[in-house]
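# Examining the three-dimensional arrangement
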Amino acid sequence: VDQDADFEPLPDGERSIAGQVFFFDAVDMAITQMFDVTGAEVFVLEDPVRRSSVDGDGNFLFENLPDGHDITLALAHDDYFPMLTATVVLDGANIDDMTFQAVSNELARLAGLILGIDPFEPGHCQMATTVCSISDNQHTIWARGEPDTTVTLTPDPSIDPVYFNTSVMPDLSLSATTTDGGVIVVNAPRGIYTWQAHKEGYTFREMRLRCEPGYATNAAPPWGVQALTEP
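Right, let's walk through the structure included here. (Residues numbered from 1 in each chain as written. Predicted model: local features only at pLDDT ≥ 70, side-chain atom pairs only at ≥ 80, totals over all residues. Heavy atoms only, no water.)

## Description of the state of the cysteines
All told, the structure shown has 1 disulfide when counted by the stated rule. A disulfide bridge connects Cys125 with Cys211, and the sulfur atoms are separated by 2.0 Å. With the S-S bond torsion at 100 degrees, the cross-link from Cys125 to Cys211 turns out right-handed. Taken together, the positions of Cys125 in the loop between α1 (105-115) and β11 (126-130) and Cys211 in strand β18 (residues 207-211) put the pair 86 residues apart, joining distant regions of the chain. Of the two residues examined, Cys125 and Cys211, each falls in the buried class. (Disulfide = S-S within 2.5 Å. Helix = DSSP H or I, 4+ residues; strand = E, 2+ residues; numbered from the N terminus. Buried < 20%, exposed > 50% of the residue type's maximum accessible area, 1.4 Å probe, protein only.)

## Digging into the sheet that holds strand β13 (residues 162-164)
Within the open sheet, the 9 strands sit side by side as β4-β3-β7-β8-β19-β11-β15-β13-β14. Their pairing is mixed. What marks the edges here is a single partner per strand, and that holds for β4 (47-53) and β14 (170-171). Where β11 and strand β15 (residues 182-186) come together, 5 bridges link them in antiparallel fashion. By the bridge assignment for β15, Thr129 is matched with Val183. Set on the sheet, α1 makes contact with β8 (80-84), β13, β14 and β15; between it and β8 the angle comes to about 80 degrees. (Pairing = 2+ DSSP bridges. Contact = heavy atoms within 4.5 Å. Axes fitted to C-alpha atoms, helices over the stretch in contact; angles between N-to-C directions.)

## Overview of the sheet that holds strand β12 (residues 150-154)
Strand order in the open sheet formed by 3 strands is β12-β16-β18, and the pairing between neighbours is antiparallel. Pairing within the sheet leaves two strands with one partner each, and these edge strands are β12 and β18. Adjacent strand axes in the sheet meet at a mean angle of 35 degrees when their direction is disregarded. In this sheet, strand β16 (residues 191-198) lies alongside β12 in antiparallel orientation, the contact comprising 5 bridges. The partner of Leu153 across the bridge, within β16, is Trp195.

In structure tokens:
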């Protein structure tokens, strides 16, 4: 893992990335989608001068992006934890379905209590994704999780992930995914990690996540780990 990676401005290109931010908060002890969020901004982590405002429906757009370069989108809003998407490389095609699952600072604190960490401590970063099953909604933010799946990371397969229970909360007692499909890694060193999912008879798409201090990286569907085949 490169602990001292530096970013250089991206050249201009002909590609675009469009997507939507979905905001979640804790309301009456339940995780609730919020629709009245204003003031959010999305930018390219590797080239922060490339920025996009988020409209009233959560939509954003980046144009003039190049092929062949790492691109990670970052979300900024005072009331929500700083968030990154999966790291993608454009290769001759645009992306029109990138998503953020943005969690409020309050939800981040709650998850930190369960995991025994302080997500706001400088120098720490967290990574998460949803392991998605093959279904009609696989290519939407509401993709169904694939249960009984384990996840490993390279270049450090010794990292132990924490899986989410069916109440959409991290559960230290679990050793594989539930139907929620959620999985998180906490306090990993800075760098880019490749995630692989494992379940007998299945193949899954790998993905790359950048672990950057001060951020939570969440590869939300449909840009997380997805089942490609099943028995």
